[in-house]
Amino acid sequence: MVPAIQNSMKPFRDMDYSRIIERLLKLAVPNHLIWLIFFYWFFHSSMNVVAELMRFGDREFYRDWWNSETVTYFWQNWNIPVHKWCIRHFYKPMMRRGVPRWAAQTAVFFASAFFHEYLVSVPLKMFRLWAFMGMMSQIPLAWFVGRFLRGNYGNAAVWISLMIGQPIAVLMYVHDYYILNYGIGS
């Protein structure tokens, strides 16, 4: 992954879109494999070990997100503890106050987008909105997939967004980090 990321600096500097897309696709598979390994390690292994040690009976940390036919189904099922927390502390209180359903859902995504950006910006010591915009782009994507794609087409759209979205953010953050800290790429 590191050579693919390093080799992406020149195409970004030259705005060579075909090379940028090539680097993006080169990065997509290893990035996604690392994401899947992290998912297995954290949600399936580590959380179950902690639950066993604490004698915690509810072991539903994820559901069948890999079968998602809509983006909404994916976000509701890939991280059950966070989803339940968001429902309990954001969504339901807003619904009780009379906020429309779509506005409450958008607010939950907004909060999630903020925390995704925060978790990237603080370690990199730079504030960019790539993770935030990536999360917020899930709202129109969810609408489009839910409205126009069904079955395997919807599942393919979810998988494509998972495999392409993160490498786009990685390339954007790395590019900005290199420019900010090393002056490379400009």
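Residues numbered from 1 in each chain as written. Predicted model: local features only at pLDDT ≥ 70, side-chain atom pairs only at ≥ 80, totals over all residues. Heavy atoms only, no water.

An unreviewed UniProt entry lists the protein under the name diacylglycerol O-acyltransferase, with Engystomops pustulosus given as the organism. On record in UniProt, under Subcellular location (unreviewed entry), the comment for the protein is "Endoplasmic reticulum membrane". Among the UniProt annotations of the protein, the heading Pathway (unreviewed entry) holds the following wording: "Lipid metabolism." (UniProt positions renumbered as here; feature names shortened; annotations may be inferred.)

Student: When you look at the nonpolar core in this model, what are you seeing that I'm missing?
Tutor: Membership of the largest hydrophobic core comes to 20 residues, with the highest contact counts inside it found for Phe43, Trp65, Val71, Phe74, Trp75 and Trp78. At the level of elements, helix H3 (17-53), helix H4 (71-77), helix H6 (101-124), helix H7 (130-136), helix H8 (138-148) and helix H9 (151-182) are the ones that each hand at least two residues to this core. Looking at which element gives the most residues to this core, the answer is H3, with 5 residues. The next biggest cluster of nonpolar side chains, apart from the first, holds 9 residues, and it includes Phe12, Ile20, Leu24 and Leu171. (Core = buried A, V, L, I, M, F, W, Y, C linked by side-chain atoms within 4.5 Å. Buried < 20%, exposed > 50% of the residue type's maximum accessible area, 1.4 Å probe, protein only. Helix = DSSP H or I, 4+ residues; strand = E, 2+ residues; numbered from the N terminus.)

Student: It is not clear to me how the UniProt feature "transmembrane region" (unreviewed entry) in the protein should be interpreted in this structure. Could you clarify?
Tutor: Within the UniProt annotation, "transmembrane region" (unreviewed entry) is assigned to residues 24-43, 102-120, 127-145 and 157-180. Helix makes up 79% of residues 127-145 and strand makes up 0%, while its end C-alpha atoms are separated by 30 Å. When the span residues 157-180 is considered, its composition is 100% helix and 0% strand, and the gap between its end C-alpha atoms is 34 Å.

Student: In this structure, what is going on with the side chain of arginine 23? I would like to understand it.
Tutor: Turning to its location among the elements, arginine 23 is positioned in helix H3. Excluding residues within four positions of it along the chain, arginine 23 makes contact with Ala4, Asn7, Ser8, Pro11 and Leu171. (Contact = heavy atoms within 4.5 Å.)

Student: Just checking my understanding: could you explain the packing of aromatic side chains for this structure?
Tutor: Describing an aromatic ring pair means giving the distance of the ring centres and the angle of the ring planes. Considering all chains together, one arrives at 27 aromatic pairs under this definition. Seen from their ring centres, phenylalanine 39 and tryptophan 65 are 5.2 Å apart, and the 75° between their planes marks the pair as edge-to-face. Taken together, the residues span a long stretch of sequence, with phenylalanine 39 in helix H3 and tryptophan 65 in the loop between H3 and H4 at a distance of 26 residues. Among the residues examined, tryptophan 65 registers a relative accessible area of 4% and is labelled buried. The interplanar angle of 0° and the centroid separation of 6.0 Å between the aromatic rings of phenylalanine 74 and tryptophan 78 together place this pair among those described as stacked. What makes phenylalanine 74 buried here is its relative accessible area of 3%. (Phe/Tyr/Trp six-rings, centres within 6.5 Å; stacked < 30°, edge-to-face > 60°.)

Student: What should I look at first to understand the environment of glutamine 105 in this one?
Tutor: Locating glutamine 105 in the fold gives a position in helix H6. When the C-alpha positions of glutamine 105 and asparagine 31 are compared, they lie 28 Å apart, and in sequence the two are 74 residues distant.

Student: Sorry, what's going on with H6 here?
Tutor: One turn of the α-helix equals 3.6 residues, which is why residues spaced by three or four share an orientation. Relative to the 34 Å expected for 24 residues at 1.5 Å per residue, H6 spans 35 Å between its end C-alpha atoms, a close match to the ideal helical length. By the burial criterion, the buried members of H6 are Ala103, Ala104, Val108, Phe109, Ala111, Ala113, Glu117 and Ser121. Looking at the buried residues of H6, the elements they touch are H4, helix H5 (80-96), H7, H8 and H9. Phi for lysine 125, located one or two positions after H6, is positive at around 55°. (Expected span 1.5 Å × (residues − 1).)

Student: Explain H9 here, please?
Tutor: Relative to the 46 Å expected for 32 residues at 1.5 Å per residue, H9 spans 46 Å between its end C-alpha atoms, a close match to the ideal helical length. For H9, every residue scored as buried is listed here: Gly154, Asn155, Ala157, Val158, Leu162, Pro167, Leu171, Met172, Tyr173, Val174, His175 and Asp176. Just downstream of H9, glycine 183 is the residue with a positive phi angle, here 70°.

Student: I would appreciate a short explanation of a nonpolar patch on the surface in the present structure.
Tutor: A grouping of Val49, Val50, Leu53, Met54 and Phe56 is seen on the molecular surface, where their side chains present a nonpolar patch of about 550 Å² in accessible area. With respect to the secondary-structure elements, valine 49 resides in helix H3. On the basis of relative accessible area, valine 49 is assigned to the partly exposed category, the value being 48%. (Patch = residues over 30% accessible without salt bridge, like charges linked within 9 Å, V, L, I, M, F, W, Y side chains within 5 Å. Areas by Shrake-Rupley, 256 points an atom, 1.4 Å probe, with all protein chains shown as cover. Salt bridge = Lys/Arg side-chain N within 4 Å of Asp/Glu carboxyl O.)

Student: Please explain unusual backbone geometry as it appears in this structure.
Tutor: Note: most peptide bonds trans; most residues except glycine with negative phi. Phi is positive for methionine 15, close to 55°, though the residue is something other than glycine. Within the secondary structure layout, methionine 15 lies in the loop between helix H2 (9-14) and H3. Residue methionine 15 is classed as partly exposed on the basis of its relative accessible area, which comes to 43%. Although it is not a glycine, arginine 55 sits at a positive phi angle of roughly 55°. Of the residues examined, arginine 55 reaches a relative accessible area of 78% and is grouped as exposed.

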